[in-house]
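Structure at a glance
Next come the chains, spelled out residue by residue.
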Amino acid sequence: MKKSESASRYDVLILGAGMAGLVAAIEVAEAGGRATVLDKLPPMIGKGIRAIIPGGVANDTARAGGGGLGRFEPEGPLEELLERHRVRGWGRVDLDLMRTYLERLAGDCRWLRDDLKIPFLDRRPIFSSTLVKGRGPGLIRYLYQAVEARGVAIQFETRAVKLLMDENGRVSGARIRNADGVADICAGTVIMATGGYQGNHEMLLKYVGPDITYGTVLTGCATNTGDGHIMAMEMGAQMANLSTCHIRTTDKFHGEGPSRHMRLIYPLGIYLNMECQRFIDEGVSDSDTIANSIACQPGNRAALIFDDKARTRHAEVYQAYPRRAEVIQVAESLQELAVKIDMPPARLKKAVDEFNASVMDGKALGLSIPKKQNALRIDTPPFHAFYPVIPGLNHPLGGLKINNTARVLDRDGSPIPGLYASGSIVNWAFGKPYSVGGVRTYMGSYHAGDSSGLATALVFGRIAGKEAAKEALARRG
Ligand SMILES: Cc1cc2nc3c(=O)[nH]c(=O)nc-3n(C[C@H](O)[C@H](O)[C@H](O)COP(=O)(O)OP(=O)(O)OC[C@H]3O[C@@H](n4cnc5c(N)ncnc54)[C@H](O)[C@@H]3O)c2cc1C
């Protein structure tokens, strides 16, 4: 045991230097507490860090597109938003947490912009969200600066391996491991912000199942291996919604970026699996739902077929798609298109003909898998195939159950003394299963309503920092 670390004591020990851990550290410092942040990865600043990170070392915050943080005013009346989330989540929404989130979100986004001086880009015309300048890597860089400016040290390449508990049953620090060896760090309170468990195959298999484990490519960071979940479970933490994941469609260059899909165009086309069968209502399904369902299809990939009518409706989206020529095949006939994507021409033609025959007034309701809106006949050459469409696993959505002061709850629903959590280690999954025409198409669920990963990490990271500091300072006397 390294003696110097053994002797060191902080008010708050924060595990994980992503969005959740870094904003928590800022709040501890603002409250006058002594904090340190540990991260098992090296720092994410320096050469090679781009908005889109192919493989390599980067946590989920650095990988994020950066949407979800640009809401500087409330979206609408609170009670209406709550009701919308309650309905959308099939009653699984924790309304207490959701209320806190909705009450705080706009103010917390303004805090990033006005207090931390994090620059935002202007609204982009095609993509409606307001983004942090530099997206994920930019965000990480500004947050490191804000943390360090407040005198909080981030200890990189330092892994937490176990939570410590004192004789009164309070969480009192963590055992850590780094190049110097093993040491114990003592603290008044501990905040878990170690991200998801998408990099842990055993946990994925156990909680999520083989379709998602083996049928997706990993677009989230592989080094988030559920360490925090495992440590917290040893302390008796309650887990919720562990089977739900955030999965988005991506293309064959998935290593170059997440969440790729033909925005606005895909609802006008049809998705076919490798057996040339439709498997989802494309007109009403979001990218997450489609991705979840592709993971359950033969070969775990699909082709999006659309015609030139659909393309011309959103020509700017089509034109702006990165590496379009390599991702989208174009042909004058459906048979020729099928050859280009290695599908049997006669079967592809038959699937499209069947679909076209049932289209009426923008709907195709007579099919075993109907299309309830946006049904356009695929009859205007040239024909387009976005292929392969692949499900990319970002991170799980379930996790530790917390209350609205970010305290981790035990299996009886009581707070575990001294333990707080925020970010994607926390349960924030409220969606619903999706099935159409008797076909299982949806195994995961997205964050409730319009919420997002960065935004929930921001809101509950700040709360965790404030609350953990308050408790630790009170104990310090
Ligand atoms: C590809 C992709 C795109 C996304 N795009 C968006 C988007 O556009 N908008 C949006 O709102 N959200 C987006 N998200 C979600 C968002 O990135 C996450 O919800 C958010 O970053 C979670 O932050 P976090 O701090 O909880 O986790 P992370 O940022 O992953 O941080 C967790 C940290 O804990 C560290 N850690 C883990 N185990 C240990 C240990 N034992 N000891 C010490 N440290 C440890 C990790 O190294 C890591 O640095 C995206 C996610 C992905 C994967």
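Structure: above.
A brief look at the structure comes next. This structure is a prediction, so every number in the text was calculated from the model and none was measured.

Broken down by element type, the protein carries 16 helices and 18 strands. In the protein, the proportion of contacts linking residues at least 24 apart, taken out of those at least 6 apart, comes to 75%.

Time to look at the site of the ligand. Near the ligand, the surroundings consist of 42 residues, among which Gly16, Gly18, Gly65, Gly423 and Gly453 are the closest. Mapped by element, the contributors of at least two residues to the shell around the ligand are α2 (19-30), α3 (60-63), β4 (159-165), α9 (227-234), β13 (383-396) and α16 (453-476). Residue contributions to the shell around the ligand peak at four residues, all from α16. Across the shell around the ligand, the residue classes tally to 14 nonpolar, 22 polar and six charged.

Moving on, we get to α2. Its 12 residues give α2 an end-to-end C-alpha distance of 17 Å, which sits within 8% of 16 Å, the value for a rise of 1.5 Å per residue. Burial runs high along α2: 11 of the 12 residues are buried. Among all positions of α2, only Met19, Ala20, Gly21, Leu22, Val23, Ala24, Ala25, Ile26, Glu27, Val28 and Ala29 are buried. Check the buried side of α2 and you find it contacts β1 (9-15), β2 (35-38), α3, α6 (135-149), β6 (181-192) and α16. One or two residues past the end of α2 sits Gly32, with phi positive at roughly 90°.

What follows is about the environment of Ala455. Along the chain, Ala455 falls in helix α16. Contact partners of Ala455, with chain neighbours within four places excluded, come to Gly68, Leu69 and Leu105.

Looking now at the environment of Phe253. Along the polypeptide, Phe253 turns up in the loop between β9 (245-250) and β10 (270-273). With 15 C-beta atoms counted inside 10 Å, the residue Phe253 sits in the partly exposed group. In the structure, Phe253 is positioned 135 residues away from Pro388 in sequence and 9.9 Å away in space, judged by C-alpha atoms.

Take α16 next. The end-to-end C-alpha distance of α16 is 33 Å, a good match for the 34 Å that 24 residues give at a rise of 1.5 Å each. Burial runs high along α16: 18 of the 24 residues are buried. Looking one or two places after α16, you find Gly477, whose phi comes out positive at around 85°.

This next bit is on the nonpolar core. Membership of the largest hydrophobic core comes to 128 residues, with the highest contact counts inside it found for Val12, Ala25, Ile191, Met192, Leu304, Val408 and Ala421. Here the element with the most residues in this core is α16; it accounts for 11 residues. Split by domain, the residues of this core number at least three in each of domain 1 (3-243 + 397-476) and domain 2 (248-392). If near-sequence neighbours (up to four positions away) are discounted, Ala421 is found in contact with Ile191, Met192, Ala193, Leu400, Ile402, Ala406, Val408, Val426 and Ala464.

What follows deals with the pairing of β13. Burial within β13 is extensive, with 14 of its 14 residues counted as buried. Where strand β11 (residues 302-306) meets β13, four bridges bridge the pair, whose relative direction is antiparallel. Directly across from Phe306, in β13, lies its bridge partner His384. As paired strands, strand β12 (residues 328-331) and β13 are joined by four bridges and run antiparallel to one another. In the sheet register, Ala331 faces β13, and the bridge partner there is Phe383.

Here we come to the packing of α2 against α6. Two elements in contact, α2 and α6, have axes whose closest approach is 9 Å; the angle formed by their N-to-C orientations is 25°. Judged on the interaxial angle alone, α6 and α2 are roughly parallel. Between α2 and α6 lies a crossing whose hand is left-handed. Contact residues: Leu22, Ala25 and Ile26 in α2; Leu143, Ala146 and Val147 in α6. In terms of residue class, the contact of α2 with α6 is built from six nonpolar, no polar and no charged.

Relative orientation of the contacting elements α2 and α16 amounts to 35°, with a least axis distance of 7 Å. For the pair α2 and α16, the crossing hand works out as right-handed. Between α2 and α16, the contacting residues are Met19, Ala20, Gly21, Val23, Ala24, Ala25, Ile26, Glu27 and Val28 on the first element and Leu454, Ala457, Leu458, Phe460, Gly461, Arg462, Ala464, Gly465, Lys466, Ala468 and Ala469 on the second.

Assignment of secondary structure puts Gln373 in the loop between α15 (345-358) and β13. In this structure Gln373 comes out as exposed when scored by C-beta crowding, with 12 C-beta atoms within 10 Å. Spatially, the C-alpha atoms of Gln373 and Gly283 are 5.0 Å apart, while their sequence positions differ by 90 residues. Not counting residues up to four positions away in its chain, the partners in contact with Gln373 are Gly283, Val284, Gly362 and Lys363.

In this model, Pro381 is joined to Pro382 through a cis peptide bond whose omega is -5°. Its identity is not glycine, yet Lys117 carries a phi of approximately 60°, on the positive side. Turning to its location among the elements, Lys117 is positioned in the loop between α5 (95-115) and α6. The class for Lys117 is exposed, based on 10 C-beta atoms found within 10 Å.

To continue, consider the pairing of strand β5 (residues 171-178). Two elements, β4 and β5, share six bridges in a ladder whose sense is antiparallel. From the neighbouring strand, Lys162 faces β5, where its bridge partner is Arg175. Two successive antiparallel strands, β4 and β5, enclose a turn made up of five residues, where Gly169 displays a positive phi of approximately 80°. Direction of pairing for β5 relative to β6: antiparallel, over a ladder of six bridges. Looking across to β6, one finds that Asn178 is bridged to Gly181. If you look at the hairpin formed by β5 and β6, you'll find two residues sitting between the two strands.

How each quantity is defined
Residues numbered from 1 in each chain as written. Predicted model: local features only at pLDDT ≥ 70, side-chain atom pairs only at ≥ 80, totals over all residues. Helix = DSSP H or I, 4+ residues; strand = E, 2+ residues; numbered from the N terminus. Contact = placed C-beta atoms within 7 Å. Near = placed C-beta within 6 Å. Nonpolar A, V, L, I, M, F, W, Y, C, P; charged D, E, K, R; others polar. Expected span 1.5 Å × (residues − 1). Buried ≥ 20, exposed ≤ 12 C-beta atoms within 10 Å, placed from the backbone. Core = buried A, V, L, I, M, F, W, Y, C linked by C-beta atoms within 7 Å. Domains from an automatic or database assignment. Pairing = 2+ DSSP bridges. Axes fitted to C-alpha atoms, helices over the stretch in contact; angles between N-to-C directions. Parallel < 35°, antiparallel > 145°, perpendicular 65-115°, else oblique. Left-handed = near helix turned anticlockwise from the far one by under 90°.

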